[in-house]
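# Observations on chain architecture
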Amino acid sequence: MADAETGDADRLKTLFDHVDTDLDRLKRYAVDGLVPSAAIRAAAIDDVERLQSVATERELSVIAHGGRTMLDLGMPPRGYDVALDLSGMNQVVDYEPNDFTITVQAGMTLAELQRHLATNGQFLPLDHPHFERATLGGVCAVGRGGLRRNSFGGPRDWLIGMRMVKADGTGIKGGGKVVKNVSGYDLPKLFARSLGTLGIIVEVTLKLRPQPASDQIVALNAPTFESALAAARAAANAAPFLNGCVALSAEASANAHGLGARLLHDQPAVLLRANGLESAASEVLAQALRAVRESGLEGPERTTNAIVETWQAVADLELQTDKDDVRLRLGLPPGNLARAQQILADRLRDATSRIAAADSGLMFIDVRSVDADTLKTLRRDLGPLQGRLTIESGPLELKRACDVWGPAGPGARLMHNIKEQFDPQGILNPGRYVDGI
Amino acid sequence: MKTPTPLVRDLIDAIGEEAVVWHDEDLLVYEYDGTIDRGNPDVIALPANTDDVVNLIKIANKYDAPVTPRGAGTGLSGGALAAKGGVIIGMNRMRRILDVDPENKTALVQPGVVNLDLGTEAERHGLAYAPDPSSQRACTIGGNIAENAGGPHTLAWGTTTNHVLALELVTADGEVQWIGHDTRDEPGYDLVGCVVGSEGTVGIVTQALVRLVPRPTAVRTMLAIYDSVRQASNAVSAVVASGIVPAALEMIDKMTIAAVEPVLNTGFPLDAEAVLLVEVDGPESQVEAEGARVEGILNRFEPREVRSATDPEEREQLWAGRKGAIGALGQIMPNYYLLDGVVPRTQLPDVLDGVYEIAERYRLPVANMFHAGDGNLHPCLLFDEREPGATERVLDAGGEIMRLCVDAGGAITGEHGVGLEKRDYLPWIFTEADMETMKSLRAAFGPTENFNPCKIFPKGHGCGEAGHQHAQHQIAKFGPKAFV
């Protein structure tokens, strides 16, 4: 195998200027302990097309990298020959502010995009952990909404066009540059949330939002995580136009404080966010706070002007901070959150940090340790609540013993068919996605 | 007396005589939708449940008969036409709202539920179903899903694809699958995102779990009257650029007013060149402040008048003029051809000028009523199909208008679908490789030759519709590709 790998690396060196085969540097690209035999830094779409042609010809497994913030996500790869680093493709391709759309290369970071848009009073309303490093290509490939997904949805809802390179090196596109479009199949939606298993996302076109005139945030302490969750649910029901509505456990509050959310301390808390015109944001928050009070929370309301920093600190908790912990993610209808929490409290006694987006039914749970059997039982118990529990990160042994994505569900047959159509050799991020895809 | 074919007999055995339509005079109703083209189905089957749909597809497959799903037939791209004959599966009997869950803000519905009926049911729970196509009194949720339907109020809330969580789908090979999840973003490919907007070419939706949204506590609708279309479209650009996202931002031009006003008495002045309908909604204080700002912007472009309505009856009256506009066009000419181009919003004023120029050159009256805030144009070319050569002129002008949109960086359809009528124009925006990739996605859902044939993609065999021949004029004139 070593010979074949050397041969592959040599072949790549004849084709690209930036082929890295230095073992120490390649370790940066390791996925679940597996180190590729070469890394290529793409400078243009053409590089990606050429790489995929070679990869197809020689059946090389390719894993695309952006900011590498979510590399723990997924099953250990079945094969991994080449790391394709897209972080150098980080330019704005086309931006007409008055159209409220922008086209950027996949390697641009979310933070850089937001800075660019802010000069025109615009933004892309996606929360993503570690947004200074996370790239648009990566955010779209992971394809999940964040803590404000109830208000803003996920990447799929903001993507209007995309350029991708297929497994065989063919460059294609889907969608366009207009905000409403049913011309042809919606390939951008297929590629968003495909985790690099169908093709390489190289360019994205996004819809944008105007920055709100006013953005307001309030935190209240709660005696327990359960009471914080109940208060947050009450707020979400009473004030449906709330922009964000999060319950945090004591550990989550403390961690967020450490990351810059100064209005959170080491107690369970509710964090509410509203935006719009100043009077409207205040009206919505007041509505929500009445419900929070009625649910029984006492104590002072704390607020801050450091809205973005505070929110981002909480969003960053989505990614594990302590490497030894197991990080779980639960998605379910929001009305089932309280019952799910009972089950979790029962089964995961050493859970530490817990964060719940109470308006959209999303929860992140950290546990010191957990075995595969407990997780399987939990999945069974959460099934009737339409809960889907995934392992975001954790020790390799756990990932091997328990599919991080959980049972594939009824759409699996179609997903396998699609994978077969788009990547018949199985060379793109092999084995890391649902049901072994 | 016509005798039933073996196919018809099998269909009758499967779902009963009263659910199968096959006599020639009864088939006429299913020959057309809102477009110029016609299709001649051999038989219509009206399933009552998912099992029926599975059986019908399997029977059709046994006879190699083409299958075309159909909702209310209000589509405007020929999507519901049986382009190669065969079986139309009409979903109208599956029209129950199975569940509304106010806590999780979702509804589970059958595909034949009429859009407005879902809206009315949601309202009883203080909620709304956001997509509201102008045909919402007739069009069905299944059809909305197929076409990724929009409507005036999708400017703020997004189109159908932003409001569907999960679907029960019978694929082209007759397999039933649930796809999607009760919540957003669950792991796995976004199959729902692939099916919504696929124009009924990958399967038949038999149940849908859709999102409902909170109803705004306050709404204000403004009507601004302008003496030129240019002023009105500049006002649209200014509102969009201001950073306000109105709930709706619609334009209606003089020709449309002339059709609407005598029938609906909406109070639009007959001599105005264009009116804008702008709606803001949300919390009370937001509506008050944003309403004032929008009014200020509208006033910068020298309107003749800006009116404002906050009570439901007045607002209803204003919207009746917009949503009833297409129906009223019959006042002017017996036929219309409605286009669905979409352009980047800054291109709107120039593209509108171009639309009027093309219509004039082809000697066709044109009425414009459209979702200005989204950049989604709906030029309506008016004609009388009995006049020799009129249909041909309309199709040629339509092709030229689509080309205009493509050259402005836009696309050939915003919410009606490519269907049968625009498939020859798809290569104006997509390369061969793009289209081959789309077809490979289709193939993942099952065999494709006989399931809803001739839709979306060019070069189908035996799909000899009128539009196809005329599209060739425009293809020849502009070349097969441009903005790819």
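Keep in mind that this is a model prediction, so the values were computed, not measured.

Counting its secondary structure elements, chain A contains 15 helices and 19 strands. By principal-axis analysis of the C-alpha atoms, chain A measures approximately 70 × 55 × 40 Å. By the burial criterion, 58% of the 437 residues in chain A qualify as buried. Taking as baseline every contact in chain A between residues at least 6 positions apart, the subset at least 24 positions apart corresponds to 70%.

For chain B, the helix and strand inventory stands at 16 helices and 18 strands. On C-alpha atoms alone, chain B measures out to a radius of gyration of 22 Å, which is about the 23 Å that the 2.2 N^0.38 rule sets for 484 residues. The principal-axis extents of the C-alpha atoms in chain B amount to approximately 65 × 55 × 45 Å. For chain B, with 484 residues in total, the buried portion stands at 61%. Taking all contacts inside chain B whose residues are at least 6 apart in sequence as the whole, residues at least 24 apart take part in 72%.

We now examine the domain arrangement of chain B. Residue and element names in this part refer to chain B. According to the domain assignment, chain B consists of domain 1 (6–90), domain 2 (97–214), domain 3 (218–328) and domain 4 (329–478). Between the C-alpha centres of domain 1 and domain 4 there is a distance of 25 Å. With 18 residues of domain 1 in contact, the opposing surface of domain 4 contributes 24 residues.

Once that is clear, we can look at the interface of chain A and chain B. At the interface, 67 residues of chain A touch 69 residues of chain B. Of the residues forming the side of chain A that touches chain B, the biggest block, seven residues, is contributed by helix α15 (residues 412–422) of chain A.

All names here are of chain A. For V204, the location among the structural elements is in strand β10 (residues 199–207). In this structure V204 comes out as buried when scored by C-beta crowding, with 30 C-beta atoms within 10 Å. In the structure, V204 is positioned 174 residues away from L378 in sequence and 38 Å away in space, judged by C-alpha atoms. In contact with V204, other than residues within four places in its own chain, are V104, A106, L136, C140, L159 and M162.

Further remarks concern unusual backbone geometry. Leave glycine aside and you will find that most residues have negative phi; peptide bonds, for their part, are mostly trans. Residue and element names in this part refer to chain B. Its identity as a non-glycine residue notwithstanding, N148 has a phi of 50 degrees, on the positive side. As for its placement among the helices and strands, N148 is situated in the loop between α5 (141–147) and α6 (154–157). One non-glycine residue, N452, lies in the positive phi region at around 45 degrees. Topologically, N452 is positioned in the loop between α15 (432–443) and α16 (466–478). A residue is classified by how many C-beta atoms lie within 10 Å of it, and N452, with 32 of them, is buried.

In this section: the sheet that holds strand β16 (residues 335–338) of chain B. Residue and element names in this part refer to chain B. The sheet built from seven strands is open, its strands ordered β15-β12-β14-β13-β17-β18-β16 with antiparallel pairing. The two strands at the open ends of the sheet, each matched to only one other strand, are β15 (305–309) and β16. Neighbouring strand axes in the sheet, compared pairwise and without regard to direction, differ in orientation by 20 degrees on average. Bridge analysis of β16 against strand β18 (residues 379–383) gives four bridges, and the strand direction is antiparallel. If you follow Y337 over to β18, its bridge partner there is L381. Its contacts with the sheet place helix α9 (residues 254–264) against β13 (248–253), β14 (274–282) and β17 (366–370), and it is angled at close to 85 degrees to β17.

So, about the domain arrangement of chain A. Residues and elements named next belong to chain A. Along its sequence, chain A is organised into domain 1 (2–85), domain 2 (92–210), domain 3 (214–316) and domain 4 (326–401). Each of domain 1 and domain 2 was reduced to a C-alpha centroid, and the two centroids are 23 Å apart. Elements that contribute at least two residues to the side of domain 1 that touches domain 2 include exactly α3 (45–58) and β3 (62–65). Per element, the largest residue contribution to the side of domain 1 that touches domain 2 is seven residues, and it comes from α3.

All names here are of chain B. For helix α3 (residues 50–62), spanning 13 residues, the distance from its first C-alpha to its last is 19 Å, which sits close to the expected 18 Å at 1.5 Å a residue. Elements in contact with the buried residues of α3: α1 (6–15), β2 (43–45), β3 (67–70), β4 (87–90), β8 (164–171) and β10 (203–211). Directly beyond the C-terminal end of α3, a positive phi value near 55 degrees is found at D64.

All names here are of chain B. As for its placement among the helices and strands, C139 is situated in the loop between β7 (127–128) and α5. Note on C139: 24 C-beta atoms within 10 Å, which makes it buried. Between the C-alpha atoms of C139 and V260, which are 121 residues apart in sequence, the distance is 21 Å. Among residues more than four places away in sequence, those in contact with C139 are G71, A72, T74, N115, P133 and N144.

The angle between the axes and the distance between the axes are what describe a pair of packed helices. Direction vectors running N to C along α15 of chain A and α15 of chain B enclose 150 degrees, while the axes themselves pass 8 Å from each other. Regarding α15 of chain A and α15 of chain B, the two cross each other, and that crossing is right-handed. Taking contact as the criterion, the partners of I418, Q421 and F422 of chain A in α15 of chain A are, on α15 of chain B, S440, L441 and A443 of chain B. Considering only residue class, the contact of α15 of chain A with α15 of chain B consists of four nonpolar, two polar and no charged.

A few words on the pairing of β8 of chain B. Residues and elements named next belong to chain B. Summarising burial for β8: eight of the eight residues are buried, a large majority. As paired strands, β8 and β10 are joined by seven bridges and run antiparallel to one another. The residue of β10 that forms the bridge with L167 is A208. As defined by bridge partners, β8 adjoins strand β9 (residues 176–180) across five bridges and the pair is classed as antiparallel. Each bridged residue has a counterpart across the sheet, and for E168 the counterpart in β9 is W178. Between the end of β8 and the start of β9, which pair antiparallel, lie four residues, with G174 showing a positive phi angle near 80 degrees.

All names here are of chain A. End to end, α3 covers 20 Å across 14 residues, agreeing with the expected 20 Å (1.5 Å per residue, within 8%). Taken together, the buried positions of α3 are occupied by D47, V48, L51, Q52 and A55. Along the long axis of α3, the arc covered by the buried residues comes to 130 degrees, so they all point the same way. Counted as exposed and oriented over 90 degrees from the buried face of α3: D46 and E57. Here the buried face of α3 lies against β2 (38–41), β3, β4 (82–85), β8 (159–166) and β10. One or two positions beyond α3, positive phi appears at E59, with a value near 50 degrees.

Residue and element names in this part refer to chain B. Strands sit in the order β5-β6-β10-β8-β9 across an open sheet of five strands; the sheet is antiparallel. With one partner strand each, in any of the chains shown, β5 (97–101) and β9 form the two edges of the open sheet. Averaged over neighbouring strand pairs, the angle between their axes works out to 15 degrees when direction is ignored. Both strand β6 (residues 106–109) and β10 contribute to a ladder of four bridges, which runs antiparallel. Bridge assignment links V109 to a residue of β10, and that residue is A208. Those strands touched by α3 are β8, β9 and β10, and its axis lies near 40 degrees from that of β8.

Our focus in this paragraph is the nonpolar core. Among the nonpolar cores identified, the biggest contains 297 residues, and L84, A232, A235, V246 and V270 of chain A are the most heavily contacted of them. Among all residues touching A232 of chain A, those that are not within four sequence positions of it are C245, V246, A247, V270, A356 and A358 of chain A.

On average, residues of chain B score 92 in pLDDT, and 95% of them reach the 70 mark or higher. The ipTM, which scores confidence in the relative placement of chains, is 0.96 for this predicted complex, and the corresponding pTM is 0.96.

Our focus in this paragraph is the packing of helix α12 (residues 337–347) of chain A against helix α13 (residues 372–382) of chain A. Residues and elements named next belong to chain A. Where α12 contacts α13, the two axes come as close as 10 Å, and the packing angle between them is 160 degrees. Classed by the angle they form, the pair α12 and α13 counts as roughly antiparallel. Our pair here, α12 against α13, has a crossing hand that is right-handed. Listed contacts from α13 to A340, I343 and R347 of α12 are T374, T377, L378, D381 and L382. Residue composition of the contact of α12 with α13, grouped by class: four nonpolar, two polar and two charged.

How each quantity is defined
- Residues numbered from 1 in each chain as written.
- Chains lettered and ligands numbered in written order.
- Predicted model: local features only at pLDDT ≥ 70, side-chain atom pairs only at ≥ 80, totals over all residues.
- Helix = DSSP H or I, 4+ residues; strand = E, 2+ residues; numbered from the N terminus.
- Buried ≥ 20, exposed ≤ 12 C-beta atoms within 10 Å, placed from the backbone.
- Contact = placed C-beta atoms within 7 Å.
- Rg over C-alpha atoms; globule rule 2.2 N^0.38 Å.
- Domains from an automatic or database assignment.
- Pairing = 2+ DSSP bridges.
- Axes fitted to C-alpha atoms, helices over the stretch in contact; angles between N-to-C directions.
- Expected span 1.5 Å × (residues − 1).
- Left-handed = near helix turned anticlockwise from the far one by under 90°.
- Nonpolar A, V, L, I, M, F, W, Y, C, P; charged D, E, K, R; others polar.
- Arc of directions from axis to C-beta.
- Core = buried A, V, L, I, M, F, W, Y, C linked by C-beta atoms within 7 Å.
- pLDDT = per-residue confidence, 0-100.
- Parallel < 35°, antiparallel > 145°, perpendicular 65-115°, else oblique.

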